[in-house]
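Residue-level structure breakdown
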Amino acid sequence: MLHASNSTRFRGPRMMVFLVIGLLFMAGSAFAQVQPAAGFVPPDNTPTIKIGLTLYPTYTYQKSPKVGPDPNGNMYSANNFDLSRSYINITGNITHAITYRLTPDIMSSHVTGGTNLDGSLVFRIKYAFAQFSLDDYTGDWKQSWVRVGANQTPFVDWEEGVYRYRFQGTVFSERVGKLTSSDYGASFHTNLPQNYGEIHVGVYNGEGYSKAETNNQKALQARVTIRPLAKGSAIARGVRITGFYDWDHVATDAPRTRALVMALFEHPHLSAGFEFLDARDQASIMATRVRGNGYSFWATPIFKQKGSGPELLLRWDSFIPNRTNTDAKRNMFIAGASYWFPHDGNVSTSILVDVEGVNYPGTSTPTERRVAMHGYLNF
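Residues numbered from 1 in each chain as written. Predicted model: local features only at pLDDT ≥ 70, side-chain atom pairs only at ≥ 80, totals over all residues. Heavy atoms only, no water.

Thoughts on the overall build of the chain
In terms of helices and strands, the chain carries 4 helices and 16 strands. Counting every position in the chain, which comprises 379 residues, the buried fraction comes to 42%. Pairs at least 24 residues apart make up 55% of the contacts formed inside the chain by residues separated by at least 6 positions. Accessible surface, the chain as shown: approximately 19400 Å² in total, 62% of it carbon and sulfur. (Helix = DSSP H or I, 4+ residues; strand = E, 2+ residues; numbered from the N terminus. Buried < 20%, exposed > 50% of the residue type's maximum accessible area, 1.4 Å probe, protein only. Contact = heavy atoms within 4.5 Å. Areas by Shrake-Rupley, 256 points an atom, 1.4 Å probe, with all protein chains shown as cover.)

Here it is, written out as structure tokens:
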């Protein structure tokens, strides 16, 4: 097996850091050089602050497997009311080109023992970043910015924005434990001219926002999304193709990589996506490299209009954590019906009732069956 030298291993992250610094330098230089035209109205640089809220209340009934025994010695179907996630979103701007976000994440903790009490809530930071907009200087390349701090990773948050059912549960790549939606680092984003797609790249710790950095390695993540028929019909414009790669190491010469491709279709009455994930992990230089892969398909038929009225959620996931042990395969299906309450402005509320099943073919692990009602409130 060939191993990259130290200089080769860190070249990608170093180049990304230099790119981010260079973009900030060019933005500052351009700002100093641009002369306002006659009749130019300067942008509003008044500092602002806004406070919002996101809640995921839920009720879950687990039909199988049963748990227990209870004090009477009987097995029973677990059921509970819960708050699976709650965010306080603090956003605003320092100038028209410098904005910020601070989002504490308050979630349920079902950890017993140690210093945590079963049923307690855990408070942690999910997003805390400054954003430097480059739109004043990038011409047709809109939505160009640099973020520094705990900010969105390129793929998961982007998919959640189209999928829209994060309040039911995480998207495929996060649910199988291979990606996370936020991490500490720096990232750059831009849209391609004429709506042909977008690019998002970043350098991150690699452990995710919920864990401390555990090594001297950094993750280089990149997503490229192409809208190949941006000038076509309304249906053709709804097609997007995405490629994503996460290049990281657990330790020196012990890679941790993720490659993902996704086809996405959006229409006023249907959103659907298909993705394939390949993940490779090596715990140490002496350990065997483990390769896992799988796919996910989801569709959300919309009967009235997106964000207002009834919808369906249909999803199928299949993942094998280790290709040398196909008995570890895990399949999951979700079928549900939702109603999105109509609102003006940036307010969203929805109720979803769904059935979720998880099975493990070829093993003695019992099939999981759950029925749940999920709520969503965001403003």
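A look at the environment of F188
If you trace the backbone, F188 turns up in strand β6 (residues 182–191). Note on F188: relative accessible area 14%, which makes it buried. For the pair F188 and V203, spaced 15 residues apart in sequence, the C-alpha separation works out to 9.3 Å.

What about the pattern of salt bridges?
Summed over the entire model, instances satisfying the criterion amount to 18 salt bridges. As a salt-bridge pair, E160 and R166 come within 3.5 Å of each other at their nearest N and O atoms. In this structure E160 comes out as buried when scored by relative accessible area, which is 13%. Each of R175, E356, E368 and R370 takes part in a single network of salt bridges with overlapping partners. (Salt bridge = Lys/Arg side-chain N within 4 Å of Asp/Glu carboxyl O.)

Points about helix α3 (residues 156–163)
α3 sits mainly inside the fold: 6 of its 8 residues count as buried. Inspection of α3 places V156, W158, E159, E160, V162 and Y163 among the buried residues, and these make up the whole buried set. One or two positions beyond α3, positive phi appears at R164, with a value near 70 degrees.

Quick word on the packing of aromatic side chains
On inspection of all chains with the given rule, the structure shows 16 aromatic pairs. With a centroid separation of 5.9 Å and an interplanar angle of 45 degrees, the aromatic rings of Y56 and Y376 are classed as tilted. Here the residue Y56 occupies a position in strand β1 (residues 48–64), and Y376 occupies one in strand β16 (residues 368–378), the gap between them amounting to 320 residues. Accessibility expressed as a relative area gives 17% for Y376, which makes it buried. Both rings, one in W340 and one in Y376, keep their centres 5.8 Å apart while their planes meet at 70 degrees; by these two values the pair is edge-to-face. With a gap of 36 residues between them, W340 in strand β14 (residues 330–340) and Y376 in strand β16 connect regions that are remote in the sequence. Over the ring of W145 we find R147, and its NZ or CZ is 3.8 Å from the ring centre. (Phe/Tyr/Trp six-rings, centres within 6.5 Å; stacked < 30°, edge-to-face > 60°. Lys NZ or Arg CZ within 6 Å of the ring centre and 35° of its normal.)

What to know about the side chain of E160
Within the secondary structure, E160 is located in helix α3. Beyond its immediate chain neighbours, meaning those up to four positions away, E160 contacts R166, V171, E174 and S181.

Side note on the nonpolar core
Soluble globular proteins: nonpolar side chains tend toward being buried together. Counting 26 residues, the largest nonpolar core has F155, Y165, F167, L260 and M262 as its most contacted members. For this core, the secondary-structure elements that each account for two or more residues are α3, β10 (254–267), β13 (309–320), β14 and β15 (348–359). Per-element tally for this core: the top contributor is α3, with 4 residues. Sequence-distant contacts of Y165, defined by excluding residues within four places in its chain, comprise T300, E311, L312, L313, S338, W340 and L352. (Core = buried A, V, L, I, M, F, W, Y, C linked by side-chain atoms within 4.5 Å.)

Considering the environment of G177
Residue position: G177 is located in the loop between α4 (172–175) and β6. Once the C-alpha coordinates of G177 and P321 are considered, the two residues, 144 residues apart in sequence, prove to be 9.8 Å apart.

Observations concerning unusual backbone geometry
With an omega of -5 degrees, the peptide bond between S64 and P65 qualifies as cis. Tracing the chain through its elements places P65 in the loop between β1 and β2 (79–95). The phi dihedral of Q143 is positive, around 55 degrees, even though this residue is not glycine. When you line up the elements, Q143 lands in the loop between β4 (121–133) and β5 (145–152). Note on Q143: relative accessible area 43%, which makes it partly exposed.

A word on the pairing of strand β11 (residues 270–281)
Summarising the sheet, β10 and β11 pair through 12 bridges and their orientation is antiparallel. Bridge pairing links A259 to D278 in β11. Between β10 and β11, which pair antiparallel one after the other, the connecting turn spans 2 residues. Inspection of the sheet shows β11 paired to strand β12 (residues 290–301) by 12 bridges, in the antiparallel sense. Note that in β12 the partner of L270 across the bridge is P301. (Pairing = 2+ DSSP bridges.)

Regarding the environment of S86
As for its placement among the helices and strands, S86 is situated in strand β2. Look at S86 and you get buried, because its relative accessible area is 7%. C-alpha of S86 to C-alpha of D105: the two residues are 19 residues apart in sequence and 6.1 Å apart in space. Look past the residues within four positions of S86 in its chain and what remains in contact with it is T54, L55, P104, D105 and I106.

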